[in-house]
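An overview of the molecular structure
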Amino acid sequence: MVIQETLRLYPSIVYVLRNALQDVQYKDILVPKGVNIQIPISIMQQDTNLWGPDAHQFNPGRFEHGVLGASKFPQSYMPFGVGTRICIGQHLAMTELKVVVALLLSKFCFSVSPAYRYAAAFRLVIESEHGVNV
């Protein structure tokens, strides 16, 4: 749950691209067939309409019942993409992440430096502008 909530708040990629396969009417907006649409993952995964009033807060408990129970629309959680174009390595990445976190937590105690300040840098992937001092 902690890993899923971390990926929700701090996804590794900035956006995904999708191509409209047909004309789509969304409220007052017409998206013509063939237009590329950028879906900003970090904005969508912190939308209070989808995730509730605490969408900007770290709350691993929201994943207590899995991704299906975390959001109004499970498709809004896409740290590895969604649908037919989902990352082929997502299961390997999640397994590696769990092993690395378990090994680190079993050997070390961590605390964030009092001088640390988070500032997201949107490059090819999202990263901390100033690094992380622990």
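What you see is a predicted model; the values in this text were computed from it and never measured.

Turning our eyes to something else, we now look at the overall build of the chain. Along the backbone of the chain there are five helices and six strands. Reading the secondary structure of the chain in the N-to-C direction produces α-β-β-β-β-α-α-α-α-β-β. Reported as C-alpha extents along the three principal axes, the dimensions of the chain are approximately 55 × 30 × 30 Å. A buried classification covers 26% of the 134 residues belonging to the chain.

On to the UniProt feature "binding site: heme" (unreviewed entry) in the chain. Annotation from UniProt places "binding site: heme" (unreviewed entry) at Cys87. Relative to the elements of secondary structure, Cys87 occurs in the loop between helix H4 (66-70) and helix H5 (90-107). For Cys87, a relative accessible area of 34% puts it in the partly exposed group.

Now for the packing of aromatic side chains. Here the structure, examined in full by the defined rule, presents four aromatic pairs. Among the aromatic residues, those joined into a cluster by ring pairs are Trp51, Phe63 and Tyr77. Stacked on the ring of Trp51, the Lys or Arg Arg8 has its end atom at 5.1 Å from the ring centre.

Once that is clear, we can look at the environment of Gln4. Position of Gln4 among the secondary structure elements: in helix H1 (residues 2-9). A C-alpha to C-alpha distance of 26 Å links Gln4 and Pro114, two positions 110 residues apart in sequence. Once you skip the residues sitting within four places of it in the chain, Gln4 turns out to touch Phe63, Val67 and Tyr77.

Here we come to the side chain of Ser128. One can find Ser128 in strand E6 (residues 126-128). Take Ser128: its relative accessible area is 17%, and that puts it in the buried class. If near-sequence neighbours (up to four positions away) are discounted, Ser128 is found in contact with Tyr116, Tyr118 and Ala119.

What counts as what
Residues numbered from 1 in each chain as written. Predicted model: local features only at pLDDT ≥ 70, side-chain atom pairs only at ≥ 80, totals over all residues. Heavy atoms only, no water. Helix = DSSP H or I, 4+ residues; strand = E, 2+ residues; numbered from the N terminus. Buried < 20%, exposed > 50% of the residue type's maximum accessible area, 1.4 Å probe, protein only. UniProt positions renumbered as here; feature names shortened; annotations may be inferred. Phe/Tyr/Trp six-rings, centres within 6.5 Å; stacked < 30°, edge-to-face > 60°. Lys NZ or Arg CZ within 6 Å of the ring centre and 35° of its normal. Contact = heavy atoms within 4.5 Å.

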